[in-house]
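Structural overview
One-letter residues, chain by chain:
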Amino acid sequence: MATANIPVRTEGQTTCNHHKGRQLDWFCEKCQEPICAKCISTIHKSHPMCELSEVTLKKKQDIRNFIEKTEKNDLVQIGKYITSTDTLLKDNDNIFDKLSHELKMQTEKLKQDLDNLREETLSLYQNLKDDNIKLIQKYKQELEMLNKQLKHQIQKCKTTLQQGSHIQIYDTKCEIDSRIHIPVKPTLDTVSFNPNNTPKGHLVQALGKVTTSGQRHTSTDQKWSVSLADGQQQPSSQQQSEDKGKKAVARKTLLTETKVVEEWESPCGITSICPTTDDQAWTRYSDTLTLLDRKGTVIQKVTHKAYINDISLSPTTHRLWACDDQNNILELVSGQLTQQFTTKTYPYSICITAKNHVIVGMSGNVSKYTTQGQMVLTTMAAGTGKPLVCTPYRITECPVTNNVAVIDHSDEHDGGDGNKHVVVMDTDFQKLFVYRGDIPSTCKQSPQTGGEPFNPCGIVYDSQGSLIIGDLNNKNVVLVSKDGKGLRILHTDRDTVWAVGVGRDDLLWISIVSNAWYVKMLQYYKM
C-alpha cells in the first residue's frame, strides 16, 4: 500500500502546508506543531490545542535561558579551548623538534660509530697486510740467500772436479753431504669479511624503538616493531633465546653407505689429524708435525724439542696450535712452534674455538684461555666435588652451536672410574649429555668388531653439528647427532681406528694403524 508524502514546513514559513494561504496561529499540543484554523476541524480534529501566542511565551524564556547559559559558560569554555590550542601547537612543535633532534643525533652517532668501526677494521687489515709483507720478504731473503749459497757451492764443486786435489775433492764431498735446509714457507695471517646483506632490522634496532599512541598509526607502529629487511618477520624473544649461538646451516643428506674416496699408507705416524681448507692435513706423531696432501705426499715437516701431546687448527686464523709435555701452549709461526703461554698442570689436549679462545684439557678439568693465557672459564670442581671431566684426552668445538665435546678417559689418578666416555657441554661448560659408546641393536656391526669396552681416541664435529667419534677398541667410526639421540656407524675397519678429522665438504680423514699407519678419506654426505 502506497503512503502519501507529508509536506514539511520550512523554517520561517508562516502559512499552512495543508491549507494554502492559511496563517499558522494555533498549536497542536499532541503533535507538537503549529497549525491553522482549518486544521482544527480537519487534520488535527479532537487534538488538544492552544493559541500559538501562548506557546511562544515559554519558548521566549527558553531562548533567554539558552543565551544566558551559553554566554556565561559555553562560550567562555570554548574561548579557553581556542586559547589552549595555541599552547598545544607550540608544545607539538617542541615535542617533534626535540624528537627530530634526538633522531638526528642518534643517526650521527651511528654514522660516527660505523666510521670508527671502519677505521679500526681498515687498521687491522693494514697491520695484517704489513705483517704478511714482513714474513714474505723475510722468506724471500732466506730463499735468495740459500740460492746464492747453492750457486756458489755448485761453482766450487765444478772447480774442484776440474782442478782440485784428492784432499779437496774429499773435503768438498763431505761438505755437500750436509743437509740443505730449505726455508719454511711462512703461515700468513688471513682474514675474511662477510657483509650483512639485510641490515635493516639491525639498523632499526640500533636506531631505537619508536612508540606511538592512538589507532591512526597502527600499521606504522607494526612496521617499526616487527618488520625486518626483505619482509622477514622478526623472531620472538623466546625464539631468539633458543637460537642464541646457533648458525644457519644448509642441511645435508647422509649416504646410505659411506664411500672410501682415498686410501694410502702414511709416510708418518698419525695420532692427531687436523685437515685444512685446501685438501691438506696437519698430523702429529711424537715430537713431529707433518703436513700432508690428500695423496699422502709430505709438504712440510716441523720437529719440536719436546713431545707434542695434541694439535688444533684455528677455524678463524687457520693457524696450527699445539700443547707439549713441558706444559707449553704453542702456535706454529714461520715454521716453528712458538710458546704463547704455559699451564700450571699437564696439558693432555687442546682446541682452538671460533672466537679464538684456547681450550686446554688438563688433569681434572677443562679450561678456556685467551691466546695470551688469561683463564676465561673452567670446569674445575669446587671443594671435594667430582670433576665434570677427569682425563680430557681430546676436545672439539661444534661449528653450529659452539658446544664442546670432550673425550674423557677417566683415569683413576685423575679422579675417574676408568670408564671412558664422551662429555658434551654448552658454551658455559654446563653438561648437556654423556655418550658411553652404546650401539643400538639396529646398527649393523661386522663380526670382527663390537662388544669391546668403549675406547674413544678421535673426536670431531662436522658442518652439520654432528659428532664423529673414532673407537679404537671396536675399530669403528660412529656419528652422533648434536642432541645425543641419533646414532649411526659410518665405518668399520679391520684395523685400529685412531685419529679423525673433518676437512672441506665434510670429507672425513681417519688414521688407522696395524703393522703400519694408513689414511682413509671417507664421504658420508651426498654432494
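Residues numbered from 1 in each chain as written. Predicted model: local features only at pLDDT ≥ 70, side-chain atom pairs only at ≥ 80, totals over all residues. Heavy atoms only, no water.

1. Quick notes on the overall build of the protein
Looking only at helices and strands, the protein has five helices and 27 strands in total. Here the protein, with 527 residues, has 36% of them falling under the buried criterion. For the protein, long-range pairs separated by at least 24 residues make up 45% of all intrachain contacts whose partners lie at least 6 apart in sequence. Of the roughly 33,300 Å² that the protein leaves accessible, carbon and sulfur atoms contribute 52%. (Helix = DSSP H or I, 4+ residues; strand = E, 2+ residues; numbered from the N terminus. Buried < 20%, exposed > 50% of the residue type's maximum accessible area, 1.4 Å probe, protein only. Contact = heavy atoms within 4.5 Å. Areas by Shrake-Rupley, 256 points an atom, 1.4 Å probe, with all protein chains shown as cover.)

2. Topic: unusual backbone geometry
Backbone geometry at Asn-402 places phi at a positive 65°, although glycine is not the residue there. Among the secondary structure elements, Asn-402 is positioned in the loop between β17 (392-397) and β18 (404-408). In this structure Asn-402 comes out as buried when scored by relative accessible area, which is 14%.

3. Thoughts on the pairing of strand β15 (residues 365-369)
Consecutive residues of a regular strand have side chains that alternate between opposite faces of the sheet. Counting buried residues along β15, five of its five residues qualify, which places the element largely inside the surrounding structure. The alternating pattern of β15 places Asn-365, Ser-367 and Tyr-369 on one face and Val-366 and Lys-368 on the opposite face, and all of these are buried. In this structure, strand β14 (residues 358-362) lies alongside β15, joined through five bridges in antiparallel fashion. Bridge pairing in β15 places Val-358 opposite Tyr-369. Connecting β14 to the antiparallel partner β15 that follows it, the hairpin turn spans two residues, and Gly-364 within it adopts a positive phi of roughly 85°. As paired elements, β15 and strand β16 (residues 375-378) share three bridges and run antiparallel to each other. From the neighbouring strand, Tyr-369 faces β16, where its bridge partner is Met-375. (Pairing = 2+ DSSP bridges.)

4. Let's talk about the pattern of salt bridges
Think of it this way: side chains of opposite charge can pair up when their charged atoms draw near. Using the criterion set out here, one finds 16 salt bridges in the structure. The closest approach of N and O atoms between Asp-279 and Arg-294, which form a salt bridge, is 3.6 Å. Of the two residues, Asp-279 is situated in the loop between β5 (272-275) and β6 (280-285) and Arg-294 in the loop between β7 (288-293) and β8 (298-303); the sequence distance between them amounts to 15 residues. Among the residues examined, Asp-279 registers a relative accessible area of 18% and is labelled buried. Across the salt bridge formed by Lys-520 and Asp-493, the nearest N and O atoms sit 2.6 Å from each other. Highlighted residues: Lys-520 in strand β27 (residues 517-525) and Asp-493 in the loop between β24 (487-492) and β25 (496-502), separated in sequence by 27 residues. Of the residues examined, Lys-520 reaches a relative accessible area of 12% and is grouped as buried. Put simply, Glu-262, Asp-279, Arg-294, Lys-295 and Arg-504 are held in one network by salt bridges that share partners. (Salt bridge = Lys/Arg side-chain N within 4 Å of Asp/Glu carboxyl O.)

5. Focus on the sheet that holds strand β10 (residues 320-324)
The strand order across the open sheet built from four strands is β9-β10-β11-β12, with neighbouring strands paired in antiparallel fashion. Two strands in the sheet have a free side with no partner beyond their single neighbour: β9 (308-313) and β12 (336-342). For this sheet the average axis-to-axis angle between neighbouring strands, irrespective of direction, equals 30°. Where strand β11 (residues 328-333) meets β12, six bridges bridge the pair, whose relative direction is antiparallel. For Leu-330, the partnering residue across the bridge sits in β12 and is Gln-339. (Axes fitted to C-alpha atoms, helices over the stretch in contact; angles between N-to-C directions.)

6. Some points on a negative patch on the surface
Residues Asp-25, Glu-29, Glu-51 and Glu-54 make up a contiguous surface patch of negative charge. The topology assignment puts Asp-25 in the segment before β1 (26-28). (Patch = residues over 30% accessible without salt bridge, like charges linked within 9 Å, V, L, I, M, F, W, Y side chains within 5 Å. Lys, Arg positive; Asp, Glu negative; His and termini not counted. Charge placed at Lys NZ, Arg CZ, Asp CG, Glu CD.)

7. A word on the confidence of the model for the protein
The predicted model of the protein has a mean per-residue pLDDT of 85, with 88% of residues at 70 or higher. Ignoring residues within four places in sequence, the model shows residues 215-244, a span with pLDDT below 50, making 22 contacts including any to other chains. (pLDDT = per-residue confidence, 0-100.)

8. Points about the pairing of β11
Extensive coverage of β11 is indicated by the burial of five of its six residues. Judged from the three bridges that link them, β10 and β11 form a sheet pairing that is antiparallel. Bridge pairing in β11 places Cys-323 opposite Ile-329. Connecting the antiparallel pair β10 and β11 is a turn made up of three residues, with Asn-327 showing a positive phi of about 70°. If you look at the hairpin formed by β11 and β12, you'll find two residues sitting between the two strands, and Ser-334 has a positive phi there, around 50°.

9. Digging into the side chain of Ser-367
With respect to the secondary-structure elements, Ser-367 resides in strand β15. Given the relative accessible area of 0%, Ser-367 is considered buried. A distance of 2.8 Å separates polar atoms of two side chains, one belonging to Ser-367 and the other to Thr-378. When sequence neighbours within four positions are dropped, the list of residues in contact with Ser-367 reads Val-358, Ile-359, Val-360, Met-362, Met-375, Leu-377, Thr-378 and Phe-429. (Polar contact = N/O pair within 3.5 Å; in protein donor to acceptor, adjacent residues only side chain to side chain.)

10. Some words on a nonpolar patch on the surface
Taken together, the side chains of Leu-75, Ile-78, Tyr-81 and Ile-82 make up a nonpolar region of the molecular surface, amounting to roughly 420 Å² of accessible area. Looking at where Tyr-81 falls in the secondary structure, it is placed in helix α1 (residues 52-163).

11. A short note on the state of the cysteines
Scanning the entire structure with this criterion turns up zero disulfides. The thiol of Cys-351 is unpaired, and the distance to the nearest cysteine sulfur, on Cys-274, comes to 9.2 Å. (Disulfide = S-S within 2.5 Å.)

12. Section: the packing of aromatic side chains
The full count for this structure, using the stated rule, is six aromatic pairs. Residues Tyr-435 and Phe-454 carry aromatic rings whose centres are separated by 5.4 Å and whose planes lie at 80° to one another, so their mutual orientation is edge-to-face. Linking Tyr-435 in strand β20 (residues 431-435) with Phe-454 in the loop between β20 and β21 (456-461), this pair joins segments that are 19 residues apart in sequence. A residue is classified by how much of its surface remains accessible, and Tyr-435, at 9% relative accessible area, is buried. On the basis of relative accessible area, Phe-454 is assigned to the buried category, the value being 11%. Here Trp-498 and Trp-517 contribute two aromatic rings whose centre-to-centre distance is 5.8 Å and whose plane-to-plane angle is 65°, an arrangement assigned as edge-to-face. With Trp-498 in strand β25 and Trp-517 in strand β27, this pair connects stretches of sequence that are 19 residues apart. Classification of Trp-498 as partly exposed rests on a relative accessible area of 23%. The buried category is assigned to Trp-517, whose relative accessible area is 14%. Ring pairs connect the aromatic residues Tyr-285, Trp-498 and Trp-517, which therefore count as one cluster. For Arg-394, the ring lying beneath its charged end belongs to Tyr-393, and the centroid distance is 4.0 Å. (Phe/Tyr/Trp six-rings, centres within 6.5 Å; stacked < 30°, edge-to-face > 60°. Lys NZ or Arg CZ within 6 Å of the ring centre and 35° of its normal.)

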